[in-house]
Amino acid sequence: LKSWIRGRDLGARASQVALWQAEAMAPMKPVLSEVTSLFNQAMRSAFPGIQEEAKIIKGNPKFGDYQCNNAMGLFKDHGKTLGFAQPVGLAEAIKKGLPENDVFSDVVVSPQGFVTVKLNDSWLSRQVGNIVGHEIEYADTAGAKRVVVDFSSPNIAKEMHVGHLRSSILGETLCRILEFCGHEVHRLNHVGDWGTQFGMLIEFMKEAYPGFLEGTGGMPDVSDLNSFYKAAKKRFDEDEDFKKKSQEAVVDLQGGGKFARTAWQRICDVSRKSFNEIYERLDVRAEERGESFYNDMIPPLVEELKARGLCVESKGAMCIFCPGVADIPLMAVKGDGGFGYDSTDLAAIYHRLFIMRADWIVYLTDLGQETHFHMIFDAAVQAGWHRPPVTRLDHMGFGVVQGEDKKRFKTRSGETVKLVDLLDEAVLRAAQEIESRVKTQDEAGTEAFLKDPKDQQDAAEKLGIAAIRYFDMKQNRTSNYVFNYDKMLDPKGNSAVFLFYAYARIRAIQRKSEVEPEKLPVSELRVEHPAERELALKLLQFPDTIEAILEDLHLHRLTEYLWELCNVLTGFYTNCKVLCDGPERNSRLVLCEATRAVLSKSFDLLGFKPLERI
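The following paragraphs examine the structure supplied in this document.

About the criteria used
- Residues numbered from 1 in each chain as written.
- Predicted model: local features only at pLDDT ≥ 70, side-chain atom pairs only at ≥ 80, totals over all residues.
- Heavy atoms only, no water.
- Salt bridge = Lys/Arg side-chain N within 4 Å of Asp/Glu carboxyl O.
- Helix = DSSP H or I, 4+ residues; strand = E, 2+ residues; numbered from the N terminus.
- Buried < 20%, exposed > 50% of the residue type's maximum accessible area, 1.4 Å probe, protein only.
- Core = buried A, V, L, I, M, F, W, Y, C linked by side-chain atoms within 4.5 Å.
- Contact = heavy atoms within 4.5 Å.
- Axes fitted to C-alpha atoms, helices over the stretch in contact; angles between N-to-C directions.
- Parallel < 35°, antiparallel > 145°, perpendicular 65-115°, else oblique.
- Nonpolar A, V, L, I, M, F, W, Y, C, P; charged D, E, K, R; others polar.

**A closer look at the pattern of salt bridges**
Part 1 of the argument: Counted under the stated rule, the structure contains 37 salt bridges.
Part 2 of the argument: Residue Lys233 is joined to Asp237 by a salt bridge in which the shortest nitrogen-to-oxygen separation is 2.9 Å. Highlighted residues: Lys233 and Asp237, both in helix H8 (residues 222-238), separated by four residues, approximately one helical turn.
Part 3 of the argument: The partner of Arg588 in a salt bridge is Glu532, with the nearest N and O atoms 2.7 Å apart. Of this pair, Arg588 sits in helix H21 (residues 584-606) while Glu532 sits in helix H18 (residues 530-540), placing them 56 residues apart in sequence. Residues Arg588 and Glu532 agree in their burial class; the two are buried.
Part 4 of the argument: Residues joined by salt bridges that share partners form a network here, namely Glu172, Arg176, Glu179, Arg187, Asp283 and Asp604.

Now the structure itself:
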């Protein structure tokens, strides 16, 4: 089993490793890590006999940028031993232990024992200046890993619906972030392309399109497949003769029968074409590796687990029990001798951990499947495939998309909303927003763009897709959320439209300055005004945001960061005129370019294509 599978993967893995190595990047340091490192040195210097990491949080802007909170805890645990009467004494010792550095300009100890620091303006200026003219880069401090991300996973013969939205775009953004951090990422689309449902579908197709295999009877598009699936299911439930023929077709399919396999492949091809159209619009990339890929691996894997005593008979089925996770077992083999989802997922995790040698696997599905995957993870531990913390497994679960009635989002007729219809509607509304803005620009006599209908449509596609992606990703993924087009396209609210306007405004300022961004004198950057300082500090917190995402896989941290950044940018514009006649002009243009660069990188991670003019 191992040698057979390894041969299939060797060539693909070699080329992907080479690509990963070529794209590996140098790190951009998180500010929080920089501050923590200095305080860790202070702790070791002040209290060499105590092993405790520095506890750093963002400070109150009135007092400083960051705050060390160790003194009170140290006083409680070691105060008398160390000879201190109050926490403030330990805080002073921590301050004294700080090494000489150019990061802090002020270090203040409060009577309560908090050590607050203010970052040096000249250090901020240098760090922000490094952003300009360079690719923004970051590397996971834990080191590069081989990561498998299992996402999207629609079912063959069914159209993609709103339920596939979250898995597809969350998975794509996670992959982009992991790649940005230097990881070797394998994007896998575990499509539902195997199972008993194909027997009834093949049999029904045979009746409705008797010549479709020979190319004489036509081939339905995926919409027809969707309706045929429902019709086939109805026949299967009501017609015993049809049910018997369908079951025979399943046996023929699983046995490699030419007719069944050819029909199955044609059905998969039609569905795949429809899926790829959606993926192209969403800018989603993934290697299709469906349930059928693992089909031949299951029997020898089950035999191996049985021989090791991990898979045991229970009520006619071969089961793996996971008492620490759930009362019910995983069924490696069902009571009728067939294989189901449990069988396939066991084979898949074996292949990914033991053959692909993944260090980290992330599964993206709705939260309803959380228990199932934790059982799979537990079984992998029992089998010795998963060895935490050497390997890491995550179920990145998410809530459902709801309508205004707080129930699953459906059409007025009660049908599941097709994903293509959702995208079309968003693009249509984005086009209306752009048309309205162009009209306003014309009436006001200001600089008007996108007058050409084709340019408007291209912009609407970018804006509409970005609006859907952002609205979804700004939600805490573990929560359900109400889908709302108006909020999604609100130019003044927390939306992609607001972010696009912020980006386009920077571009407008740069055009008016008549200075190419790459020719800006970075050395003239001076962070002096409070609004400049706030913007510079927010820019440097970008890698802190990425670091937090790597820890808990909550992508809304990045959308929150962008919302905060654009609001800080608005405050900067309000308080600091960029295109002024004074010496601040070049400095502020550099600050604008650094902001544009961070926005551009963030947009790319989220799958957006910003508009230069709007």
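**Description of unusual backbone geometry**
Among all residues save glycine, negative phi is the norm, and among peptide bonds the norm is trans.
Part 1 of the argument: Along the chain, Pro388 connects to Pro389 via a cis peptide bond; the corresponding omega equals 5°.
Part 2 of the argument: With respect to the helices and strands, the residue Pro389 is situated in the loop between helix H13 (370-383) and strand S12 (392-395).
Part 3 of the argument: Positive phi is not limited to glycine here, since Ser152 has a value of about 75°.
Part 4 of the argument: With respect to the helices, strands and loops of the structure, Ser152 is situated in the loop between strand S5 (146-150) and helix H6 (163-180).
Part 5 of the argument: According to the relative accessible area criterion, Ser152 is buried, its value standing at 5%.
Part 6 of the argument: With a phi angle near 55°, Asp283 is a residue other than glycine that sits in the positive phi range.

**Side note on the nonpolar core**
Part 1 of the argument: Within the largest apolar cluster, 160 residues are counted, with the highest numbers of intra-cluster contacts made by Phe39, Leu119, Leu422 and Phe542.
Part 2 of the argument: Ignoring sequence-local partners within four residues, the contact set of Leu422 consists of Val162, Leu165, Phe409, Val417, Ile468, Phe483 and Tyr485.
Part 3 of the argument: If you look at the next biggest cluster of nonpolar residues, it comprises 38 residues, including Leu188, Tyr294, Leu310 and Leu353.

**Focus on the packing of helix H7 (residues 197-208) against helix H10 (residues 258-282)**
Part 1 of the argument: Direction vectors running N to C along H7 and H10 enclose 90°, while the axes themselves pass 10 Å from each other. By the criterion of interaxial angle, the relationship of H7 to H10 is roughly perpendicular. Facing H7, whose interface residues are Phe198, Leu201, Ile202, Met205 and Lys206, H10 presents Phe259, Ala260, Ala263, Trp264 and Ile267.
Part 2 of the argument: Across the contact of H7 with H10, the residue classes tally to nine nonpolar, no polar and one charged.

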